[in-house]
Amino acid sequence: MTNNLPKTSRLQDRKATISRTAHQLLNISMWMALIGSAIVLLSAGLGWTWSSYLVALQGLMPVVTAVGVVGTLLALYRRFRTAMVVGAVVIGLALGIVAPTMIGNAAPAWAEDAPRLTLYAANLYHQNPTIEDALAVALATNADVVLFSEYTAEFEPALQNSGLLEEYPFVARAAAQRDIILSRLPTKDIAHVHSNKFDPTALTVTVGGEDIRVFAIHTQAPGGTISLPRWEQDFDVIAELTAVEPNVVAIGDYNATLWNAPMRELLGTGLVDAHDHLGRGVYTSWGLPKSHLRGIPGFSQLLGIDHSLSKGALVPISVSEADIPGSDHRSISVTYAVGDGTAQS
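Counted by the stated rule, this structure contains five salt bridges. Between D323 and R330 there is a salt bridge, with the nearest N and O atoms lying 3.1 Å from each other.

As structure tokens, then:
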């Protein structure tokens, strides 16, 4: 019996060590979750864009919010008052930043019988190996206006054989910017708007007697210290171009989510984001190749960076995303009700 006491003692010591280690790991995980999510939430609220990594984390705001909630639950479990206070702040910030994008607006009464404008926007991916399939998907949408970004000269034979040009005879191109707009509606004022910062292709269509300026958007990606200033400048140019037009749809790849400062500032000019307006702000439209993550083909969608912004006589009625064969993006399809020139959501 005496010989067993040291073994029992060692076993108890080992259990105590494991328990202390587990509690320490819980504490570390709790504080990492709370502090990390608080920093990202605060940075979004304060409009910080000094790092591309921070910009990307802001784009993952729903995930950041979930991490903060887990940290708060651990604080409650551990009964750490300071951590619980931090958790309450995190949840409060998350509710203020994320929750509004999940609350939709009802369509006005006049929209039920109003003329419609439908648009389909797709970033084709400049190295798309199945461009024929991607163009076939676009044709099947039956949208009034189709917009492509990352369109290259190599895709031209596929476009010519796709049937799109027969269905959409009005075309605006911008070779340098690699975007193209196809319209089945008669157009005017087709232009590649020249600017020393940013050159979105544009055209005007008429729906229900209202002229609507359509811009194809593809901003600089905020992938590094050098590109961040240009990314922000592109949003300034979009604000300038849309400010002088009474009715606008600016649709495409913004390389920003609803929680990035340049996008929020742009929306502050009076433009309305279709996803935000309809309570679908938590969505994804771009990701990394799955081959980089799990060794399988395709893409894992991470961020909602493709948007359709509007103002004037347009109210978003519906918005959806869909896979684009061979692309790292998902497409967005948007339907607008077009009012009498005075209506706004």
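What follows picks up the thread again.
Moving on, we get to the sheet that holds strand β13 (residues 314–323). Taken together, six strands build an open sheet; the order of strands is β3-β4-β2-β1-β14-β13 and the sheet is mixed. The outermost strands of the open sheet, each flanked by one partner alone, are β3 (170–174) and β13. On average, each strand axis in the sheet is tilted by 15° relative to the strand beside it, whichever way the strands run. In terms of strand pairing, strand β1 (residues 116–123) meets strand β2 (residues 145–149) through five bridges, oriented parallel. Of the residues in β2, the one forming a bridge with L119 is V145.

Here we come to the environment of W231. When you line up the elements, W231 lands in helix α8 (residues 227–243). Put simply, W231 and S52 are 179 residues apart on the chain and 11 Å apart in space, counted from C-alpha to C-alpha. Setting aside chain neighbours within four positions, we find W231 in contact with T49, V55, T219, Q220, P222, Y254, N255, A256, N260 and P262. At 3.0 Å, the side chain of W231 forms a polar contact with the backbone oxygen of N255.

All right, on to the pairing of strand β8 (residues 248–253) then. Two faces belong to every sheet, and in a regular strand the side chains alternate between them. For β8, the tally of buried residues reaches six of six residues, placing the bulk of the element in the interior. Pairing of strand β7 (residues 210–218) with β8, which is carried by six bridges, proceeds in the parallel orientation. Paired with H218 across the bridge in β8 is D253. Regarding the hand of the β-α-β motif, the stretch spanning β7, α8 and β8 is right-handed. With six bridges joining them, β8 and strand β12 (residues 306–311) adopt antiparallel strand pairing.

To continue, consider a nonpolar patch on the surface. Side chains of V69, L73, L76, I91 and L95 sit close together on the surface and give an oily, nonpolar patch of about 430 Å² of accessible area. If you list the elements that add at least two residues to the nonpolar patch, you get α3 (61–78) and α4 (81–97). Looking at the nonpolar patch element by element, the count peaks at three residues for α3. Tracing the sequence through the fold places I91 in helix α4. For I91, a relative accessible area of 31% gives the class partly exposed.

So, about α4. Under the 1.5 Å per step criterion, the end-to-end length of α4 is 24 Å for 17 residues, consistent within 8% with the ideal 24 Å. Listed as buried for α4 are A83, G87, V90, A94 and I97. Looking straight down α4, one finds its buried side chains confined to an arc of 95°; they lie on one side. In α4, the exposed positions angled more than 90 degrees off the buried face are occupied by R81, T82, V85, L95 and G96.

Even without being glycine, R79 reaches a positive phi, approximately 60°. Along the chain, the position of R79 falls in the loop between α3 and α4. Phi angles above zero are rare outside glycine, and N255 is one such case at about 50°. Here N255 shows up in the loop between β8 and α9 (261–267).

Under the counting rule described, the total for this entry stands at three aromatic pairs. Note on Y151 and F155: the rings are 6.0 Å apart at their centroids and 70° apart in plane angle, and the pair reads as edge-to-face. Both residues of the pair, Y151 and F155, count as buried. Judged by centre distance (5.8 Å) and plane angle (85°), the ring pair of W231 and F235 falls under edge-to-face. On the criterion of helical spacing, the pair formed by W231 and F235 is a turn pair, its members being four residues apart in helix α8. Both residues of the pair, W231 and F235, count as buried. By way of ring pairs, the aromatic residues W231, F235 and Y254 are connected into one cluster.

An ideal rise of 1.5 Å per residue puts 24 Å on 17 residues; α8 measures up with 25 Å between its terminal C-alpha atoms. Here α8 has its buried residues at S227, L228, W231, D234, F235, V237, I238, L241 and T242. In this fold, the buried residues of α8 make contact with α2 (52–59), β7, β8, α9 and β12.

This part takes up the packing of α3 against α4. Two quantities define a packed helix pair, namely the angle between the axes and the distance from one axis to the other. Put simply, α3 and α4 touch, their axes get as near as 9 Å, and they point 155° apart. The angle between α3 and α4 places the two elements in the roughly antiparallel class. The two elements α3 and α4 meet at a crossing, and its hand is left-handed. Residues M61, T65, G68, V69, T72, A75 and L76 of α3 form the contact with α4, whose own contacting residues are A83, M84, G87, V90, I91, A94 and I97.

The rules we used
- The residue numbering used here restarts from 1 in each chain and proceeds along that chain's sequence as written.
- Local features in a predicted model are, by the rule used here, given only for residues with pLDDT of at least 70; side-chain atom pairs are given and counted only at 80 or more, and totals for whole chains, interfaces and linings are based on all residues.
- Side-chain measures here rest on the full set of heavy atoms in the structure, leaving out hydrogens and waters.
- The term salt bridge refers to a pairing of a side-chain nitrogen on Lys or Arg with a carboxyl oxygen on Asp or Glu at a separation within 4 Å.
- Here a strand pair is declared whenever DSSP counts at least two bridges between the two strands.
- Helix and strand assignments follow DSSP, with helices taken as H or I runs no shorter than four residues and strands as E runs no shorter than two, numbered in order from the N terminus.
- Note on geometry: axes are lines fitted to C-alpha atoms, helical ones only across the stretch in contact, with angles between N-to-C directions running from 0 to 180 degrees.
- Any two residues whose heavy atoms approach within 4.5 Å are treated as being in contact.
- Any pair of nitrogen or oxygen atoms within 3.5 Å is treated as a polar contact; in protein, a donor-acceptor pairing is required on top of that, and neighbouring residues in sequence qualify only through side-chain atoms on both sides.
- Three labels apply to residues, based on accessible area from a 1.4 Å probe with only protein chains included: buried if under 20% of the type maximum, exposed if over 50%, partly exposed otherwise in between.
- Place the viewer so that the strands point away; then a crossover is right-handed whenever the path from the first strand over the helix to the second strand goes clockwise.
- Any residue with relative accessible area above 30% and no salt bridge may belong to a patch, with like charges joined within 9 Å and the nonpolar Val, Leu, Ile, Met, Phe, Trp and Tyr side chains within 5 Å.
- Using a 1.4 Å probe, accessible areas were evaluated by the Shrake-Rupley method; residue-level cover was limited to the displayed protein chains.
- To estimate how far a helix should extend, the number of its residues minus one is multiplied by 1.5 Å.
- Taken from the helix axis, the directions to the C-beta atoms give the arc we talk about.
- Side-chain rings of Phe, Tyr and Trp (the six-membered ring for Trp) are treated as a pair once their centres are within 6.5 Å; stacked means planes under 30 degrees apart, edge-to-face means over 60, and tilted covers the remaining angles.
- When an angle is under 35 degrees it counts as roughly parallel; over 145 it counts as roughly antiparallel; between 65 and 115 it counts as roughly perpendicular; any other value is oblique.
- Crossings are sorted by hand: turned counterclockwise from the far helix by less than a right angle, the near helix makes the crossing left-handed, and turned clockwise it makes it right-handed.

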